[in-house]
Structures are given as C-alpha cells and as structure tokens.
Amino acid sequence: MATPDWEAIETAYRAGALSLREIASQHGISEGAIRKRAKRDEWSRDLAAKVRQRADDMVRKAEVRKEVRTEPTLSERVLIDATAEVITAVRMAHRGDIRKARAITNTLFDELATECADLAALEKLGELMYQPDDKGRDKLNEIYNAVIGLPERVKAVKALSEALKNLIGLERQAYDIGGPAADETTQKLSDLMDELSGGA
C-alpha cells in the first residue's frame, strides 16, 4: 500500500475547506488515522476563516478598482479555482453514491410492501412446496415460513429504516442542510421498530 501524502493531507486539513470524511476518501485512509496524526503533530484547522476573508477582499478589490491582476494574485486565483474543482468533484461523487443507495433502499421497501400486501399468496406457495421427510418435517419449508413471518418482516423494516435514517443524515450533510427534524422523525421510527421486534 502506498504511503499517504501527509503533507497534502495536512494542507487540506489546515485549510478547513474539506471535511475529514472527504480528505480521508481522497487519500484512501481512515478519518481516525487523520485525527491521530493531527493530534500527534498538533495540526490546527485555522485557515478556513482566513481563506474566506481573503476571497472576500479579492472580490471587493476587483469590483472597486478593476485593476489588472498581478502575477501573485493570478496564481492565488488559479489555486482557489483548482481547489474548488476538487471539492466539487468529491461532493458530487458523494451525492451520487447517496442517491444510488437511497434508490436501492426504497426498492427494497417496495419489495417488502409487495410481500406484506399479499401474504396469503406466499403462505399458499409454502403449502404447495411442502415436502415433509419420513419424520413429517420439512426444514426448508420451516425456514421459508420463518422468513415470511411477522418477526422477520419487522426486522427487515427496522433494518431498512436504519439504512434510510443513515442515508438521510449523509444526504443532509452532503447538501449542508441543517435542522434536527429529520433526525427526530427517523429516531422515532427506529424506536417503534425496536418495540415491535421486541428489541431484536
């Protein structure tokens, strides 16, 4: 495995423009590894406000003075643009992954809804497949009936609800949407599933 580029990681960390998750994703390491290194070397995420202030100053000067840019200012603008492009690519990739995961989760919810809507047909199928052995047992059929039973369906709803709760949290983070409303709603749903499944 290639050695992480700690100099680049420190630069991104101190700039404060990317989250730890985004920096870790870019460099193929864990967030924990970054936190450990930052603590060891006493890194400080102290440049984000300065970067924003500098950008505001540049915009203000460009609007008021309309002067020809100097080479240092041009280099700074190029650096800012390049960094912004990297951030955009990372965040758009994350948003795409989250959308795909939500689509899969919702498809599984639809499959479960179809199963619950016609449980009688599934039970009839179990009867048609019933093939007891010489002791009068059909282990495969017992497993089938357990899978379509209420406890397993409740567990499936609980697992899908937990997945959706996590995805909503990630989506809100990716789109920088604040507010506790969604978290409260999904937590209530999760608590309800715990109650229905007896804490299973």
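All of the points below concern the structure found in this document. A quick note: this is a predicted structure, and the numbers were derived from the prediction, not measured. Residue indices begin from 1 for each chain and proceed along its sequence in written order. It should be noted that, the model being predicted, local features are given only for residues of pLDDT at least 70 and side-chain atom pairs only at 80 or more, the latter also being counted only at that level, while totals for whole chains, interfaces and linings use all residues. The basis for the side-chain values is all heavy atoms of the structure; hydrogens and waters are excluded.

1. Side note on the overall build of the protein
In DSSP terms, a helix is any run of H or I states spanning at least four residues, a strand is any run of E spanning at least two, and both are numbered starting from the N terminus. When helices and strands are tallied, the protein shows nine helices and zero strands. Taken from N to C terminus, the helices and strands of the protein fall in the order α-α-α-α-α-α-α-α-α. Burial classes follow relative accessibility: with a 1.4 Å probe on protein chains only, a residue under 20% of its type's maximum area counts as buried, one over 50% as exposed, and anything between as partly exposed. A burial count over the protein gives 22% of its 200 residues as buried. Across the protein, every contact between residues at least 6 apart in sequence was considered, and the portion connecting residues at least 24 apart equals 61%. Of the roughly 14100 Å² of accessible surface on the protein, 57% is carried by carbon and sulfur atoms. In this description, contact between two residues means that some pair of their heavy atoms is separated by no more than 4.5 Å. Using the Shrake-Rupley algorithm and a 1.4 Å probe, accessible areas are obtained, with residue cover drawn only from the displayed protein chains.

2. Remarks on the packing of helix 6 (residues 119-129) against helix 7 (residues 139-148)
Think of each axis as a best-fit line through the C-alpha atoms, taken over the contacting stretch in the case of a helix, with angles from 0 to 180 degrees between the N-to-C directions. At a minimum axis distance of 10 Å, the contact between helix 6 and helix 7 shows a crossing angle of 175°. Comparing their axes, helix 7 and helix 6 come out roughly antiparallel. On helix 7, the residues touching L119, L122, E123, L125, G126 and M129 of helix 6 are N141, Y144 and I148. In the scheme used here, Gly and all other residues not listed as nonpolar or charged are polar, with Ala, Val, Leu, Ile, Met, Phe, Trp, Tyr, Cys and Pro taken as nonpolar and Asp, Glu, Lys and Arg as charged. When its residues are assigned to classes, the contact of helix 6 with helix 7 shows six nonpolar, two polar and one charged. For classification, angles of less than 35 degrees are called roughly parallel, those exceeding 145 degrees roughly antiparallel, those between 65 and 115 degrees roughly perpendicular, and all remaining angles oblique.

3. Topic: the nonpolar core
Here, the term nonpolar core denotes a set of buried Ala, Val, Leu, Ile, Met, Phe, Trp, Tyr and Cys residues that are joined through side-chain atoms within 4.5 Å. One finds W6, I9, Y13, I23, I29, I34 and W43 to be the most contacted residues of the largest nonpolar core, which totals 13 residues. Looking at which element gives the most residues to this core, the answer is helix 1 (residues 6-15), with four residues. If we ignore the near neighbours within four places in the chain, the residues touching Y13 are L20, I23, I34, A38, W43, S44 and R45.

4. Description of the environment of V154
Among the structural elements, V154 can be located in helix 8 (residues 150-174). Of the residues examined, V154 reaches a relative accessible area of 9% and is grouped as buried. In this structure the C-alpha to C-alpha distance between V154 and L112, which are 42 residues apart in sequence, comes to 9.9 Å.

5. A closer look at the packing of helix 2 (residues 20-27) against helix 3 (residues 31-41)
Two measures define how a pair of helices packs: the angle their axes make with one another and the distance between the axes. Remark: helix 2 packs on helix 3, axes separated minimally by 8 Å, with the N-to-C direction vectors making an angle of 105°. In terms of their interaxial angle, helix 2 and helix 3 are classed as roughly perpendicular. Counted together, L20, R21, I23 and A24 of helix 2 and E31, I34 and R35 of helix 3 form the full contact between these two elements. In terms of residue class, the contact of helix 2 with helix 3 is built from four nonpolar, no polar and three charged.

6. A closer look at the pattern of salt bridges
Throughout this description, the term salt bridge denotes a Lys or Arg side-chain nitrogen within 4 Å of a carboxyl oxygen of Asp or Glu. Across all of its chains, the model carries three salt bridges by this definition. For the salt bridge of D41 with R37, the shortest nitrogen-to-oxygen distance reads 3.2 Å. Of this pair, D41 and R37 both sit in helix 3, four residues apart, roughly one helical turn. Accessibility expressed as a relative area gives 34% for D41, which makes it partly exposed. Note on R37: relative accessible area 22%, which makes it partly exposed. For D41, the salt bridge identified is with R40, shortest N-O distance 2.9 Å. What makes R40 exposed here is its relative accessible area of 57%. A single network of salt bridges, built from pairs that share partners, joins R37, R40 and D41.

7. Let's talk about the side chain of D138
Residue position: D138 is located in the loop between helix 6 and helix 7. Note on charges: Lys and Arg go in the positive column, Asp and Glu in the negative column, and His and the chain ends are not counted at all. Of the side chains with opposite charge, R137 lies nearest to the buried D138, which makes no salt bridge, at 8.6 Å. Two N or O atoms form a polar contact when they lie within 3.5 Å of each other; inside protein one atom must be a possible hydrogen donor and the other a possible acceptor, and for residues adjacent in sequence the pair counts only when both atoms belong to side chains. There is a polar contact of 2.6 Å between the side chain of D138 and the backbone nitrogen of Q131. Excluding its chain neighbours within four sequence positions, the residues that come into contact with D138 are M129, Y130, Q131 and P132.

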